[in-house]
Amino acid sequence: MASKLPHTFMWGSSTNAQQFEGAWNEDGKGVSISDTRILKNGYSNFHIASDHYHHLEEDLDLYQEMGFNIYRFSIAWTRIYPTGEEETPNQAGLAFYDRMVDGLIKRGITPVATLYAYDLPQALMDKYRGFLDRKVIDLYIKYVKTIFEHFKGRIKYYTPFNEPNLFHLDQEYIMGDPHLTDKETWQVEHHLTLAYARCVNACHEIDPDAKIGPNCATGMVYPATCNPKDVRAAVHQMYMTNWAYLDIYCRGRYPKYFLNYLKSIDCMPDMQPGDLELIASVQPDLISTTYYSTSVVKAHEDDEVLKAAPAPKEVQEALVQYRAGNLNPYCDETEWGWIIDPDGFYYQLMEIYHRYQLPILILENGMGATEELDENHKVYDDYRIEYLARHIACMKEAVEDGVDLLGYLTWSATDLHSTREGFVKRYGFIYVDRYEHTIKSMKRYPKKSFYWYKKVIASHGEDLENNVEY
């Protein structure tokens, strides 16, 4: 049985601006790549999302009712600098985040801000092709310095980029440019690394009491069998998608195995004098991570699958992020084919902490599901309660085994626009009354998991039983 969590351990949840705020063209906000993004299969755009911009106080009150003492949001760059190149910041944008941050502090909730989450100013994409041009690094640093100076002493934790280790996997959605070549993609990744380094150093200089460090979507990978070639394939994938990035962000250098890989695919980025010294100068305070699922890899993909995808083909085609690859025969899946694996969460936390010896802040953990209100305006999401309870139990075991964990934030606090399936895929404790292309009332309705998580927080993680009245 795991011992009790430290009394300083924090509980809360997360959202991201482009998926949650709405008000995409109000109060001087500029157009971002998320505003012009067209999702596949006819899913809705991000313009209204959950309309948090007009429900701010109501949403924060619900977070307080649940007992949050930490909350992660992202700041929309285009609310602060609408085109990215203005001389002075948009005061209405700063005022919105003043209301956010001050409202959280008033309610006893620690603010965590992600500074970039897939919403580059469209003007910078049109003019410079985004982070492919070093000029955009300078503009990003101008933006983040504005945030550090304006919110000094109020925002306690920062992450420069949301899941930057995934950027190269989706040029169209994440980078906003479907026409990047492979070599250009890795050049962008290098520029993001430079932007990360300058951002961390700027934070330490401007607001020394704030804590900042990298965020990584650390995906744990299992070999399909104990065949050494399968094991090596799994290890290779983890190094290329996890450890290469955290080695750079936390140890301040490009690891040799990663440089060898980039050379082998003829994608070595152009590195200018001073780049490597800049990367080496960074001293992160923590690592933030996200966790949803694990994956299974084998050396030869033409081998027989371990477990067939359970959803019919027409469902798989409708759901853009459906994972129809090798499923794990020892685990269940969500309706999106995402493997449900709490033990993988323990594995992730142990690997990250004992590799890098930095405190960890979990920024996202949760499961998506299709949901509708019943006739009493309720959602009985027992599947979400089971998922989170099992993951929290494994998280506590990791803490017992030495992991320095600052807090646990789920994804997401409230239903919001999923990255690729709009409002079909819901993650929140709070239901938002809208459908994919029908806005409806936008009222907020707590789900059963709302009251369960409230009880979990009140017991500081001791009571995970699904026995709340609803």
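Above this text sits the structure in question.
Residues numbered from 1 in each chain as written. Predicted model: local features only at pLDDT ≥ 70, side-chain atom pairs only at ≥ 80, totals over all residues. Heavy atoms only, no water.

S.K.: Is there a simple way to explain the overall build of the protein chain in this structure?
M.R.: When you go through the protein chain residue by residue, the secondary structure sums to 16 helices and 15 strands. Here the C-alpha atoms of the protein chain give a radius of gyration of 21 Å, agreeing with the 23 Å that 2.2 N^0.38 yields for 470 residues. With the C-alpha coordinates aligned to their principal axes, the bounding extent of the protein chain is approximately 60 × 60 × 45 Å. Partitioning the intrachain contacts of the protein chain with sequence separation of at least 6 by distance along the chain shows that 75% fall at a separation of at least 24. Roughly 18,300 Å² of accessible area belongs to the protein chain as shown, and the carbon and sulfur atoms make up 51% of that amount. Taken together, the 47 basic and 69 acidic charged side chains of the protein chain have centroids lying 3 Å from each other. (Helix = DSSP H or I, 4+ residues; strand = E, 2+ residues; numbered from the N terminus. Rg over C-alpha atoms; globule rule 2.2 N^0.38 Å. Contact = heavy atoms within 4.5 Å. Areas by Shrake-Rupley, 256 points an atom, 1.4 Å probe, with all protein chains shown as cover. Lys, Arg positive; Asp, Glu negative; His and termini not counted. Charge placed at Lys NZ, Arg CZ, Asp CG, Glu CD.)

S.K.: Looking at this model, I keep getting lost on the pattern of salt bridges. Mind explaining?
M.R.: When charged atoms on two side chains of opposite charge get close, those side chains can pair. Under the criterion given, the structure shown has 25 salt bridges. We note a salt bridge from Asp-35 to Lys-29, for which the minimum N-O separation is 2.8 Å. Judged by relative accessible area, which is 8%, Asp-35 ranks as buried. Overall, Lys-29 belongs to the buried group, its relative accessible area being 12%. Between Arg-134 and Asp-275 there is a salt bridge, with its nearest N and O atoms 2.6 Å apart. (Salt bridge = Lys/Arg side-chain N within 4 Å of Asp/Glu carboxyl O. Buried < 20%, exposed > 50% of the residue type's maximum accessible area, 1.4 Å probe, protein only.)

S.K.: Looking at this model, I keep getting lost on helix 15 (residues 382-400). Mind explaining?
M.R.: Every α-helix carries 3.6 residues per turn, so stepping three or four residues along brings you back to the same face. With 19 residues, helix 15 extends 27 Å from end C-alpha to end C-alpha; this agrees with the ideal 27 Å at 1.5 Å per step. Listing the buried residues of helix 15 in full gives Arg-384, Ile-385, Tyr-387, Leu-388, Ala-389, His-391, Ile-392, Cys-394, Met-395, Lys-396, Ala-398 and Val-399. Count one or two residues on from helix 15 and you reach Gly-402, which has phi positive near 110°. (Expected span 1.5 Å × (residues − 1).)

S.K.: I keep staring at a negative patch on the surface and nothing clicks. Help me out?
M.R.: On the surface, Glu-301, Asp-302, Asp-303 and Glu-304 cluster together to form a negatively charged patch. Mapped onto the secondary structure, Asp-303 falls in the loop between strand 9 (294-297) and helix 13 (313-318). Looking at Asp-303, the relative accessible area reads 38%, which means it is partly exposed. (Patch = residues over 30% accessible without salt bridge, like charges linked within 9 Å, V, L, I, M, F, W, Y side chains within 5 Å.)

S.K.: Which parts of the structure should I look at to understand the nonpolar core?
M.R.: Side chains that are nonpolar tend, in soluble globular proteins, to be buried together. Ranked by size, the top nonpolar core spans 138 residues in total, and within it Trp-77, Phe-131, Tyr-140, Tyr-158 and Met-395 carry the most contacts. It is helix 9 (residues 182-206) that provides the largest number of residues to this core, a total of 12 residues. Once residues lying within four places of it in the same chain are set aside, the contact partners of Tyr-140 are Trp-77, Leu-115, Tyr-116, Phe-131, Pro-160, Phe-161, Ala-195 and Cys-199. In this structure, Leu-286, Leu-361, Leu-363 and Leu-409 belong to the second largest nonpolar core, which totals eight residues. (Core = buried A, V, L, I, M, F, W, Y, C linked by side-chain atoms within 4.5 Å.)

S.K.: What exactly am I supposed to notice about the packing of aromatic side chains here?
M.R.: In this description, an aromatic ring pair is defined by two values, namely the gap between the centres and the angle between the planes. All told, the structure shown has 42 aromatic pairs when counted by the stated rule. Relative to Phe-131, the ring of Trp-77 has its centre 6.4 Å away and its plane inclined at 50°; by these criteria the two rings are tilted. A residue pair is termed long-range when its members are at least 10 positions apart, and Trp-77 in helix 4 (residues 77-80) and Phe-131 in the loop between helix 6 (122-128) and helix 7 (134-150) qualify at 54 residues. No difference in accessibility class separates Trp-77 from Phe-131, as the two residues are buried. Taking 6.0 Å as the distance between ring centres and 55° as the angle between the ring planes, the aromatic pair formed by Tyr-245 and Phe-258 counts as tilted. Note that Tyr-245 is positioned in helix 10 (residues 228-251) and Phe-258 in helix 11 (residues 256-264), a separation of 13 residues in sequence. Each member of the pair Tyr-245 and Phe-258 is classed as buried. Seen from the ring of Phe-46, Arg-37 lies directly overhead, with NZ or CZ sitting 5.5 Å from the centre. Sitting over the ring of Tyr-470, Lys-378 keeps its end group 4.8 Å from the ring centre. (Phe/Tyr/Trp six-rings, centres within 6.5 Å; stacked < 30°, edge-to-face > 60°. Lys NZ or Arg CZ within 6 Å of the ring centre and 35° of its normal.)

None of this, on its own, says anything about what the molecule does.
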